[in-house]
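Results of the structural survey
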Amino acid sequence: SQVSLEEESQNPPAVGHWKPLMPSKGDKEEPEGGCQDAGGVDQPQSTEQLNVSRLRSSSVEIREKGSEFLRDELHKAQKELKLKDKECERLSKVREQLEQELEELTASLFEEAHKMVREANTKQAAAEKQLREARGKIDMLQAEVTALKTLVITSTPSSPNRELHPQLQSSSKGGFRKGHGRNKSTSSAMVSAASQSMAPEPVSRECKEVDSILFAEFQAWKESPTLDKSCSFLDRIYREDVGPCLDFTKQELSELVRAAVEQNTLTIEPVASQAVLVGKVATEECGGPKKCALSGLPRTCKHRIMLGDSGNYYYISPSCRARITAVCNFFTYIRYIQQGLVRQDVELMYWEVMRLRREMSLAKLGFYPSEM
């Protein structure tokens, strides 16, 4: 045991050595301490770098996933937009087709209505002609009855009328028959008049010829139809037809009526049996069932007009109504031409315009149908 203690005292333990508390100047252990300090500092720095690299990698992954998600959403949105564009194109085609069909239907309905109006006018003219012929036949029959009554009255037993008793003419001589030529001539004249009245009247056909100046003005207007009265076509019609047709005694009311017709805001309606004035205008200004507001003359007024939405009614006579209606028909037709609803030949449209001008001319001269 002593030997072991000596050996232990001679051989110090290899675990470590004691450092002096106050190192000498020749000691070179400071570098070791410096290395240890440096190693202690590097360890937290590497940990921070590792954390930063992890954060960077996670942010990159998040960005990649976010960009991939956004790309998917973008593709979906593009597909939806393409589908919506196709649907919009289909709907626009359907709308255009419906608009075209509606326009064609409107044009065909207008042409059919116009044709029906013409046929009605033709039938009315034929009926009026037949009525005149029937009245002529009635007058002729009444004349024959009157002549027969005269013959009967002039026949007496003492001097019988040989036209009523032909058996007397067979036993008499030719010279005796000549003495009664007066009655015979009367009868023959009556028969000849009856034959003339019974003969059918020759049918008169209306001849038409296009005026080159008027047709040229209408063609120029038809190229770019407008309601501006400064063009030569409408300027002539305003001067020759519309202006004189709407020129009434009451000038102020005439201007209002003309403006309402041009703006398509005039309303015409029949008068009820017990009509009451609407509005606050005096009766003298509105006329009445027995006084025309446009002419100021005592007339039986079966219709009244309202200008726009004023709520004031003006009673008008049949003649004034015919003049206003003729002008309204003209403006309605040229508005249809302007809107492209009339699909006819230019010459047919021209003759329809001339017919409407003729109606305005007749109306301003005082001619109007009896039903008005």
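About the cut-offs
Residues numbered from 1 in each chain as written. Predicted model: local features only at pLDDT ≥ 70, side-chain atom pairs only at ≥ 80, totals over all residues. Heavy atoms only, no water. Salt bridge = Lys/Arg side-chain N within 4 Å of Asp/Glu carboxyl O. Helix = DSSP H or I, 4+ residues; strand = E, 2+ residues; numbered from the N terminus. Buried < 20%, exposed > 50% of the residue type's maximum accessible area, 1.4 Å probe, protein only. Axes fitted to C-alpha atoms, helices over the stretch in contact; angles between N-to-C directions. Parallel < 35°, antiparallel > 145°, perpendicular 65-115°, else oblique. Contact = heavy atoms within 4.5 Å. Nonpolar A, V, L, I, M, F, W, Y, C, P; charged D, E, K, R; others polar. Patch = residues over 30% accessible without salt bridge, like charges linked within 9 Å, V, L, I, M, F, W, Y side chains within 5 Å. Areas by Shrake-Rupley, 256 points an atom, 1.4 Å probe, with all protein chains shown as cover. Lys, Arg positive; Asp, Glu negative; His and termini not counted. Charge placed at Lys NZ, Arg CZ, Asp CG, Glu CD. Expected span 1.5 Å × (residues − 1). Arc of directions from axis to C-beta. pLDDT = per-residue confidence, 0-100. Pairing = 2+ DSSP bridges. Polar contact = N/O pair within 3.5 Å; in protein donor to acceptor, adjacent residues only side chain to side chain. Phe/Tyr/Trp six-rings, centres within 6.5 Å; stacked < 30°, edge-to-face > 60°. Lys NZ or Arg CZ within 6 Å of the ring centre and 35° of its normal.

Some details on the pattern of salt bridges
One pass over the full model with this rule turns up twelve salt bridges. Salt-bridge contacts for E87 lead to R90; the nearest nitrogen and oxygen are separated by 2.5 Å. Of the two residues, E87 and R90 both sit in helix α2 (residues 30–154), three residues apart, roughly one turn of that helix. A salt bridge links R357 to E240; the shortest N-O distance between them is 2.6 Å. Note that R357 is positioned in helix α11 (residues 346–364) and E240 in helix α7 (residues 232–245), a separation of 117 residues in sequence. By relative accessible area, R357 is classed as buried at 9%. E240 sits in the partly exposed class, given a relative accessible area of 30%. In this structure, a network of salt bridges that share partners links the residues E217, R236, E240, D241 and R357.

Structural notes on the packing of α7 against helix α10 (residues 318–338)
Look at α7 against α10: their axes get within 9 Å of each other, and the N-to-C directions meet at 155°. Put simply, α7 runs roughly antiparallel to α10. Between α7 and α10, the residues in contact are L234, I237, Y238, V242, P244 and C245 and R323, V327, F330, F331 and I334, respectively. Its residues assigned to classes, the contact of α7 with α10 comprises ten nonpolar, no polar and one charged.

Regarding a positive patch on the surface
A surface patch of like charges, here positive, comprises K76, K79, K82 and K86. You can see K79 is positioned in helix α2.

Here's the deal with helix α8 (residues 251–263)
With 13 residues, α8 should reach 18 Å at 1.5 Å per residue; the first-to-last C-alpha distance of 18 Å fits that figure. When we look at burial in α8, the residues that qualify are L253, S254, V257, A260 and V261. Projection of α8 onto a plane perpendicular to its axis shows the buried side chains occupying an angular sector of 125°, all on one side. Facing away from the buried side of α8 by more than 90 degrees, the exposed set consists of E252 and Q263. Buried positions along α8 lie against β1 (266–270), β2 (303–307), β3 (313–316) and α10. Positive backbone phi, at 60°, marks N264, one or two positions downstream of α8.

Some thoughts on the confidence of the model for the protein chain
Averaged over all residues, the pLDDT of the protein chain is 77; the fraction at 70 or higher stands at 69%. For the protein chain, helix α4 (residues 174–179) is the element with the lowest average pLDDT, namely 41, and α7 is the one with the highest, namely 95. Counting contacts from residues 170–201, a segment whose pLDDT is below 50, to residues more than four positions away or on other chains yields 18 contacts. Overall, residues 274–284 carries pLDDT values under 50, and its contacts beyond four positions in sequence, including any with other chains, amount to 16 contacts.

Details of the sheet that holds β3
What the three strands build is an open sheet, ordered β1-β2-β3; its pairing is antiparallel. Two strands in the sheet have a free side with no partner beyond their single neighbour: β1 and β3. The average angle at which neighbouring strand axes cross in this sheet is 30°, direction not considered. Alignment of β1 against β2, held across five bridges, turns out to be antiparallel. What sits directly across from I268, in β2, is I305. Packed on one face of the sheet, α8 meets β1, β2 and β3 and runs near 75° to β2.

Points about the side chain of R355
Along the polypeptide, R355 turns up in helix α11. A polar atom in the side chain of R355 sits 2.5 Å from the side chain of E352. Side chain to side chain, R355 and E359 meet in a polar contact 2.5 Å long. Filtering out sequence-adjacent residues up to four positions away, R355 remains in contact with H114 and N121.

Some remarks on the packing of aromatic side chains
Centre distance and the angle of the planes are the two values used to describe a pair of aromatic rings. Counted by the stated rule, this structure contains ten aromatic pairs. A centroid spacing of 6.0 Å and a plane angle of 35° characterise the contact between F218 and W221, whose relative ring orientation is tilted. On the criterion of helical spacing, the pair formed by F218 and W221 is a turn pair, its members being three residues apart in helix α6 (residues 212–223). With relative accessibility at 0%, the residue F218 sits in the buried group. Exposure remark for W221: the relative accessible area of 3% places this residue in the buried category. Note on F218 and F233: the rings are 5.5 Å apart at their centroids and 65° apart in plane angle, and the pair reads as edge-to-face. Of the two residues, F218 sits in helix α6 while F233 sits in helix α7, which places them 15 residues apart along the sequence. Residues F218 and F233 agree in their burial class; the two are buried. Above the plane of the ring of Y313 lies R304, whose end atom (NZ or CZ) is 3.9 Å from the centre.

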